[in-house]
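# Close look at the chain arrangement
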Amino acid sequence: MIAENLSLLSKKIPSNIQLVAVSKTKPNELLMQAYDHGQRHLGENKVQELVSKHESLPKDINWHFIGHLQRNKVKYIAGFVHLIHGVESLKLLKEIDKQGQKNNRIINVLLQFHIAEETSKFGLNLLEAQQLLIDEAYLGFSNICISGVMGMATFTDNTEQVRNEFRTLKSIYNDLKMSFFKDSNDFKVISMGMSGDYEIAIEEGSTLIRVGSSIFGARDTPI
Ligand SMILES: *Cc1c(COP(=O)(O)O)cnc(C)c1O
């Protein structure tokens, strides 16, 4: 079933869009079904779960951390994580940089923006991001690479609202690209779109979608 879902998805999404299969709460057997179908980018939102899956599964999986990351847990994933999607503070960036140094690697991160109406969702606004990017502390970091932006739209049936929120993220991306990353080839990811809204996200300029339930089935826990 998972192979079938992945085949269907790959027919629907343009080949230049990166698919991260969100495997949170799902057992390793199901992740291996995706792996055997060729899926190498998986996403998790809990540090402990990510660490244990990384330990038991093949080492050529690219792991995306898509949840809210606590500073004291960065050290557990710093040695192997492929991309941290949800960065929204200088303090967190500082810790990621520190752990990057310890592990002798550059850690790729995305700045998360608050584009939804729900206050339960995390993220920066444009002004906060601009302030972060001119902060001397940030300019001194050597072991992080800001690779783009991430956001989650409101959970609603109102597709126009969802579209507008994705548009907002795309325009934030353009703004930052122009002002801070003009000469950078690294700042290129727009992580937006999940099972319910990835089609709209792609129309609005997403480069990476994070799809869980459409691949692995519904989750028991609503996270
Ligand atoms: C769970 C989750 C997803 C995937 O959600 P689905 O609706 O199952 O596709 C994507 N992004 C984030 C940040 C998530 O927490």
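Please refer to the structure placed before this passage.
Reference entry: report on the structure contained in this document. In this text the structure is predicted, and so the values were computed from the model without any measurement.

## Some remarks on the overall build of the chain
- When you go through the chain residue by residue, the secondary structure sums to 10 helices and eight strands.
- Its C-alpha radius of gyration of 17 Å places the chain within 12% of the 17 Å reference for a compact globule of 223 residues.
- Overall, the C-alpha framework of the chain stretches about 50 × 40 × 30 Å when taken along its three principal axes.
- For the chain, the proportion of its 223 residues judged to be buried stands at 49%.
- In the chain, 60% of the contacts between residues at least 6 apart in sequence involve partners at least 24 apart.
- In the form shown here, the chain has an accessible surface area of approximately 11,100 Å², with 49% of it arising from carbon and sulfur atoms.

## As for the packing of aromatic side chains
- Following the criterion strictly, the structure yields three aromatic pairs and no others.
- Each ring, one from Tyr173 and one from Phe187, has its centre 5.0 Å from the other, and the planes form 0°; the classification is stacked. In this pair, Tyr173 sits in helix H8 (residues 159–180) while Phe187 sits in the loop between H8 and strand S7 (189–191), placing the two residues 14 residues apart along the sequence.
- Judged by its relative accessible area of 10%, Tyr173 is buried.
- We classify Phe187 as buried; its relative accessible area is 1%.
- Ring centres of Phe181 and Phe187 lie 3.9 Å apart, and the angle between their planes is 5°; on these two criteria the pair is classed as stacked. Exposure class is identical for Phe181 and Phe187. Each is buried.
- The aromatic ring of Tyr35 is capped on one face by Arg40, whose charged end is 3.5 Å from the ring centroid.

## So, the site of the ligand
- Taken together, 13 residues sit near the ligand, with Lys24, Ser195, Gly212, Ser213 and Arg219 positioned nearest.
- A distance of 2.5 Å is found between an oxygen atom of the ligand and a side-chain nitrogen or oxygen belonging to Ser195.
- Within the side chain of Arg210, a nitrogen or oxygen atom sits 2.8 Å from a nitrogen atom of the ligand.
- The residue makeup of the shell around the ligand, split by class, is seven nonpolar, three polar and three charged.

## Let's talk about the pattern of salt bridges
- Summed over the entire model, instances satisfying the criterion amount to nine salt bridges.
- A salt bridge links Asp60 to Arg40; its shortest N-O distance comes to 3.2 Å. Placement of the pair is Asp60 in the loop between helix H3 (47–56) and strand S3 (62–65) and Arg40 in the loop between helix H2 (28–36) and strand S2 (41–44), with a sequence separation of 20 residues.
- With its nearest N and O atoms 3.9 Å apart, the salt bridge here joins Glu95 to Lys98. Here the residue Glu95 and the residue Lys98 both occupy positions in helix H5 (residues 90–102), the gap between them amounting to three residues, near one helical turn.
- Overall, the relative accessible area of 17% leaves Glu95 in the buried class.
- A relative accessible area of 44% places Lys98 in the partly exposed class.
- Taken together, the shared-partner salt bridges connect Glu160, Arg163, Arg167, Glu203 and Glu204 into one network.

Rules of the game
- Residue indices follow the written sequence of each chain, beginning from 1 at its first position.
- Residues qualify for local features only when their pLDDT is at least 70, as the model is predicted, and side-chain atom pairs are given and counted only at 80 or more; totals for whole chains, interfaces and linings, by contrast, use all residues.
- The side-chain values count all of the structure's non-hydrogen atoms but skip hydrogen atoms and water molecules.
- Secondary structure elements follow DSSP: runs of H or I no shorter than four residues count as helices, runs of E no shorter than two count as strands, and numbering proceeds from the N terminus.
- We compute the radius of gyration from the C-alpha atoms alone; for a globule the expected value is 2.2 Å times N to the 0.38, where N is the number of residues.
- Per-residue accessibility, obtained with a 1.4 Å probe over protein chains only, is compared with the maximum for each type, and a residue is labelled buried under 20%, exposed over 50%, and partly exposed between these values.
- By definition, residues are in contact when any of their heavy atoms lie within 4.5 Å.
- Where accessible areas are quoted, they stem from the Shrake-Rupley method and a 1.4 Å probe; at the residue level, only the protein chains shown are allowed to cover.
- Here a pair means two rings of Phe, Tyr or Trp (six-membered ring of Trp) with centres within 6.5 Å. Their orientation is stacked below 30 degrees between planes, edge-to-face above 60, and tilted elsewhere.
- Only Lys NZ and Arg CZ are tested; either one counts as a charge over a ring when it is within 6 Å of the ring centre and within 35 degrees of the ring normal.
- By convention in this text, a residue qualifies as near a molecule or strand provided that one of its non-hydrogen atoms is within 4 Å of it.
- Polar contacts, as used here, are pairs of N or O atoms within 3.5 Å; protein pairs need one atom able to donate a hydrogen and one able to accept it. Residues neighboring in sequence count only if both atoms are side-chain atoms.
- Three categories are distinguished: nonpolar for Ala, Val, Leu, Ile, Met, Phe, Trp, Tyr, Cys and Pro, charged for Asp, Glu, Lys and Arg, and polar for the others, with Gly belonging to the last.
- Salt bridge criterion: a side-chain nitrogen from Lys or Arg within 4 Å of a carboxyl oxygen from Asp or Glu.

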